[in-house]
Amino acid sequence: MNDMHVHASQVRNQAVAMDLELLPWLQNYTFPEKVKYADIHYAEKMYRRFLHTQWLFGSMRSCVFGTVHTESTRLLMKLYQETGMGAFVGKVAMNRNCPEALSEDVEAAVEGNEQLIAEFNQPDALVRPIITPRFVPSCTPELLRACGQLAEKYHLPVQSHLSENMSEIEWVAELEPESISYGDAYNRDGLFGQTPTIMAHCVWTGGQELDLMKRNRVMVAHCPTSNYNLASGMAPVRSFLDEGLRVGLGSDISGGHDLNMFRMLVYAIQVSKMHYKHNHDMKFLSLSEAFWIATKSAGSFFGKVGSFEPGYEFDALVIDDSVLNFDDYSLQERLERFVYVGDDRQILYRFCRGKLIEEPAVI
Ligand SMILES: [Zn+2]
């Protein structure tokens, strides 16, 4: 499994404060929690807990947001290295519309990123940096430009948020009046497919923004639980496939509440069925399509990952489904049952790039 969009620093807020929409939720829960990551000891305690949960559910590769703090982001990368699981880990860039304690000026953001790049940006490394502007409302044009320059200079991938909810899109239009769309605000600064790029949500993406994503091969991290919990809307995930967009699934804790990526397949299928209910011209996702999105499609962001075909890196889970397989089920039905009602108790062993991943310690 590959979790293509997740905020490691929000592990304490997982399944807490599910009663707010995006912007008040950021101000009241997300940002205050992130501030605590200036304390490296707090960060270690929480990041170890986060990695343990990822390990439980067999998420062997992830695209992860750290925080603005260079030290705790470095710690997160080292902890990933310790576990043997793969990740692109981002030091978050933001310098406006956020608490003072989380705002970092452009020079400091570049310097912190370059420290991590010097230390971790090896071509075949399992744990590598990713350029991570929080989202357009949190970044001045100067900061976005600096992020784009870092991505280009060091050939690094990019992750951020895109077109998640209507008030956010209106806000971006006010902040960036020269941009044709939200996506264009990233594109103008080299943050939209100039290097491999993944954008979370894309609930309301259409028109020019959609064309740009297709043209630039920008991947969507579809985060169904987050979109439901924050009442953002339902991304047309099956249509993304019809459009030929690259798609993966993200837990997006703590907007999302669940780090079990198998269950994320179920949520994605259910979202697609709601679209089908409203419009029978739209197809809904089959189990095999959802499984392909979560494995091979998402895995392509990391290279040859997400399949057992020759030439692919061996990421695998050994699952004992005997407790679920009490009758004459076919192989496809056994997979379906595990996806819908299985959990970590049936996962016996986890492999990332051919290596057995042991249970990470928590403190
Ligand atoms: Zn997010």
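Use the structure listed above.
First things first, this report covers the structure right here in the doc. Nothing here was measured: the structure is a model prediction, and the numbers come from that model.

Topic: the packing of aromatic side chains
Here is step 1 of the chain: This model, assessed by the stated rule, comprises 12 aromatic pairs.
Here is step 2 of the chain: Ring geometry for Tyr37 and Tyr47: centres 5.0 Å apart, planes at 50°, overall tilted. You can see Tyr37 sitting in the loop between helix H1 (22-35) and helix H2 (40-56) and its partner Tyr47 sitting in helix H2, a full 10 residues away along the chain. Both residues of the pair, Tyr37 and Tyr47, belong to the buried class.
Here is step 3 of the chain: Look at Phe308 and Phe314: their rings are 6.1 Å apart centre to centre, the planes differ by 35°, and that puts the pair in the tilted class.
Here is step 4 of the chain: Judged by its relative accessible area of 42%, Phe314 falls in the partly exposed class.
Here is step 5 of the chain: Positioned over the ring face of Phe135 is Arg134, at 4.7 Å from the centre of the ring.
Here is step 6 of the chain: Just above the ring of Phe284 sits the side chain of Lys273; from NZ or CZ to the centre is 5.2 Å.

Examining a negative patch on the surface
Here is step 1 of the chain: On the surface, Asp327, Asp328, Glu333 and Glu336 cluster together to form a negatively charged patch.
Here is step 2 of the chain: Mapped onto the fold, Glu333 is located in helix H13 (residues 331-341).
Here is step 3 of the chain: Residue Glu333 is classed as partly exposed on the basis of its relative accessible area of 34%.

Section: the side chain of Glu33
Here is step 1 of the chain: In this fold, Glu33 is placed in helix H1.
Here is step 2 of the chain: Among the polar contacts listed, one links the side chain of Glu33 to the side chain of Lys36, at a separation of 2.7 Å.
Here is step 3 of the chain: Sequence-distant contacts of Glu33, that is, excluding residues within four places in its chain, are made with Ser9, Gln10, Arg12, Asn13 and Tyr42.

Comments concerning the coordination of the zinc ion
Here is step 1 of the chain: Looking at the metal site, the zinc ion is ligated by His5 (NE2), His7 (NE2), His161 (NE2) and Asp252 (OD), spaced 2.1 to 2.5 Å from it.
Here is step 2 of the chain: For the zinc ion, the 4 donor atoms in the first shell make angles of 88 to 173° at the metal, a pattern classed as irregular.

Side note on the sheet that holds strand S11 (residues 316-319)
Two modes of strand pairing occur in sheets, parallel and antiparallel, and in both the strands are linked by backbone hydrogen bonds.
Here is step 1 of the chain: On the basis of which strands lie adjacent, the open sheet formed by 3 strands has the order S11-S12-S13 and antiparallel pairing. What marks the edges here is a single partner per strand, and that holds for S11 and strand S13 (355-356).
Here is step 2 of the chain: Both S11 and strand S12 (residues 347-352) contribute to a ladder of 4 bridges, which runs antiparallel. Its bridge partner being in S12, Val318 is matched across the sheet by Tyr349.

Re unusual backbone geometry
Here is step 1 of the chain: With omega at 10°, the peptide bond leading from Ile253 into Ser254 counts as cis.
Here is step 2 of the chain: With respect to the helices and strands, the residue Ser254 is situated in the loop between strand S10 (246-249) and helix H11 (261-278).
Here is step 3 of the chain: Phi is positive for Asn97, which is not a glycine, with a value near 50°.
Here is step 4 of the chain: Counting through the fold element by element, Asn97 comes out in the loop between strand S4 (92-93) and helix H4 (106-120).
Here is step 5 of the chain: Despite not being glycine, Asp252 shows a phi value in the positive range, around 50°.
Here is step 6 of the chain: When you line up the elements, Asp252 lands in the loop between S10 and H11.

Some points on the sheet that holds S10
Here is step 1 of the chain: In space, the 4 strands of this open sheet follow the order S7-S8-S9-S10, with parallel pairing throughout. With one partner strand each, in any of the chains shown, strand S7 (158-162) and S10 form the two edges of the open sheet. Each strand axis lies, on average, 30° off the axis of its neighbour in the sheet, ignoring direction.
Here is step 2 of the chain: Pairing between strand S8 (residues 197-201) and strand S9 (residues 219-222): 3 bridges, direction parallel. Residue pairing across strands places Ile198 opposite Met219, the latter belonging to S9.
Here is step 3 of the chain: Its contacts with the sheet place helix H12 (residues 287-299) against S9 and S10, and it is angled at close to 120° to S10.

Points about a nonpolar patch on the surface
Here is step 1 of the chain: The grouping of Val318, Leu348, Tyr349 and Leu356 at the surface amounts to a nonpolar patch, some 330 Å² of accessible area in total.
Here is step 2 of the chain: Assignment of secondary structure puts Leu356 in strand S13.
Here is step 3 of the chain: Judged by its relative accessible area of 34%, Leu356 is partly exposed.

Some words on the environment of Ser9
Here is step 1 of the chain: As for its placement among the helices and strands, Ser9 is situated in the loop between strand S1 (2-7) and H1.
Here is step 2 of the chain: We classify Ser9 as buried; its relative accessible area is 0%.
Here is step 3 of the chain: Once the C-alpha coordinates of Ser9 and Val218 are considered, the two residues, 209 residues apart in sequence, prove to be 25 Å apart.
Here is step 4 of the chain: Excluding residues within four positions of it along the chain, Ser9 makes contact with Glu33, Lys34, Tyr37, Tyr47, Phe65, Gly66 and Thr67.

Cut-offs and rules
Residues numbered from 1 in each chain as written. Predicted model: local features only at pLDDT ≥ 70, side-chain atom pairs only at ≥ 80, totals over all residues. Heavy atoms only, no water. Phe/Tyr/Trp six-rings, centres within 6.5 Å; stacked < 30°, edge-to-face > 60°. Helix = DSSP H or I, 4+ residues; strand = E, 2+ residues; numbered from the N terminus. Buried < 20%, exposed > 50% of the residue type's maximum accessible area, 1.4 Å probe, protein only. Lys NZ or Arg CZ within 6 Å of the ring centre and 35° of its normal. Patch = residues over 30% accessible without salt bridge, like charges linked within 9 Å, V, L, I, M, F, W, Y side chains within 5 Å. Areas by Shrake-Rupley, 256 points an atom, 1.4 Å probe, with all protein chains shown as cover. Salt bridge = Lys/Arg side-chain N within 4 Å of Asp/Glu carboxyl O. Lys, Arg positive; Asp, Glu negative; His and termini not counted. Charge placed at Lys NZ, Arg CZ, Asp CG, Glu CD. Polar contact = N/O pair within 3.5 Å; in protein donor to acceptor, adjacent residues only side chain to side chain. Contact = heavy atoms within 4.5 Å. Donors = N, O, S within 2.8 Å, 3.2 Å for Na, K, Ca; no water. Tetrahedral: all angles 85-135°; square planar, octahedral: opposite > 155°, others 65-115°. Pairing = 2+ DSSP bridges. Axes fitted to C-alpha atoms, helices over the stretch in contact; angles between N-to-C directions.

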